[in-house]
Amino acid sequence: MDHLSEVLKILDGALRANASMAANYAGLLADKLEQSGNRQQARQVRERLARAPGALVSVQDGERGISLNNLPVDGESRLHTVDVSQPASHDICLELPSAIESRIQEFLSSVRHHDALVAANAALPNRLLLYGLPGTGKTQLARWVAAQLGLQLLTVRCDTLVSSLLGQTSRNLRRVFDYAEQHPCVLLLDEFDALAGARGNERDVGELQRVVIALLQNIDALPDSTILLAATNHDQLLDPAVWRRFSFRVPMPLPDHGVRRALWKQFLASYAPATLDLDGLVARSEGVTGAVIEQICLDSKRAAVIAGHSEVDEHEVFRRLGLMLALIERCH
Ligand SMILES: Nc1ncnc2c1ncn2[C@@H]1O[C@H](COP(=O)(O)OP(=O)(O)O)[C@@H](O)[C@H]1O
Ligand SMILES: [Mg+2]
């Protein structure tokens, strides 16, 4: 049967008397039917949806702590704990070494063929852990993954989640995972170490331990089909128990020679002088992150625009790079 995973989700929604979940997945089913050419069936599903009592959905959402515009909010502050976006491939610049890219493509295929893999008893949970230094493009990669799958990206900043009162964190987590289960989306736990590294922290160990346990329980309760991404700067802080729950684990390395070349070109774009010593920049920028290259390019472009020039000053770019290298050096 085609679209079995959507049908199962709709069934889950109905059995749990969760109109929102059933309606969201019925919407997705209609989209998929339409994409596969079954327009008549898609229309039938949508007609049913249009007749659904909308009031029921919003009352239920209210009870579950889902606010009017459908985002889980922090119980105390009423702040949004989740950011929803719809990334589009064409405005995401991402350069990856080919080994990493092919691993990400494997993850994407595994997600796309999840139903068939389940049927063959060969499925892995749709869970990807990205780890690497800050500024290596982990958040960017998560946006790209969502764009490739054509799904909403639901980003939870775990550092914010933790700081918004420890006592509330477990409840907040439950809401976020509930929301993710009910909406076709990619759930990203960003700055994941804030949660997952909790056990090694100096702060109230008991309370933090409860947060880690709550996190593990939420991950375990999640159906394998829900797409869960986590990004962390400190893989060494991650609890091994958390680490094991991700079937795909991908390191985000510092950009290699080829990636640095692409990044300098991409970020300088038309502001690159024709005589630019690109090889020199690529060689000199070994060991810096993509974020640093982007920053140098933006700063240099800004200086050019303000000075009324149509190209960046090459010496200025090298000077800024030198400053950044000195800063990085001093931090080590
Ligand atoms: N490999 C890369 N390809 C494209 N852009 C990159 C890359 N690495 C870093 N960047 C740039 O650096 C910025 C920060 O990246 P981000 O994804 O936030 O890093 P992280 O989440 O790993 O800290 C992004 O705006 C992105 O444009
Ligand atoms: Mg990030």
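That block above? That's the structure.
Here the structure is a predicted model, which means the values were calculated and not measured.

### Let's talk about the sheet that holds strand 6 (residues 248-251)
Alright, step 1. The strand order across the open sheet formed by six strands is 1-3-4-5-2-6, and the pairing between neighbours is mixed. Each of the sheet's edge strands pairs with one partner strand only, and the pair in question is strand 1 (82-85) and strand 6. Recorded for the sheet is a direction-independent mean angle of 20° between the axes of neighbouring strands.
Alright, step 2. Inspection of the sheet shows strand 1 paired to strand 3 (residues 152-157) by four bridges, in the antiparallel sense. Note that in strand 3 the partner of Ser85 across the bridge is Leu153.
Alright, step 3. The strands that helix 5 (residues 98-112) touches are strand 2 (127-131), strand 5 (227-232) and strand 6; relative to strand 6, the one it contacts most, it runs at about 155°.

### Here's the deal with helix 13 (residues 257-268)
What sets the pattern is the α-helix's 3.6 residues per turn: residues three or four places apart point alike.
Alright, step 1. Taking 1.5 Å of rise per residue, the 12 residues of helix 13 would be expected to cover 16 Å, and the 17 Å separating its terminal C-alpha atoms lies within 8% of that figure.
Alright, step 2. Those residues of helix 13 that fall on the buried side of the exposure criterion are Val259, Arg260, Leu263, Trp264, Phe267 and Leu268. The arc that holds the buried residues of helix 13, viewed along the axis, is 145°, so those residues lie on one side.
Alright, step 3. Summarising the contacts, the buried residues of helix 13 are in contact with helix 14 (278-284), helix 15 (290-306) and helix 16 (314-331).
Alright, step 4. Of the residues flanking the end of helix 13, it is Ala269, one or two places downstream, whose phi is positive at about 45°.

Conventions and cut-offs
Residues numbered from 1 in each chain as written. Chains lettered and ligands numbered in written order. Predicted model: local features only at pLDDT ≥ 70, side-chain atom pairs only at ≥ 80, totals over all residues. Heavy atoms only, no water. Pairing = 2+ DSSP bridges. Helix = DSSP H or I, 4+ residues; strand = E, 2+ residues; numbered from the N terminus. Axes fitted to C-alpha atoms, helices over the stretch in contact; angles between N-to-C directions. Contact = heavy atoms within 4.5 Å. Expected span 1.5 Å × (residues − 1). Buried < 20%, exposed > 50% of the residue type's maximum accessible area, 1.4 Å probe, protein only. Arc of directions from axis to C-beta.

From the geometry alone we can't say anything about function, so treat these as descriptive.
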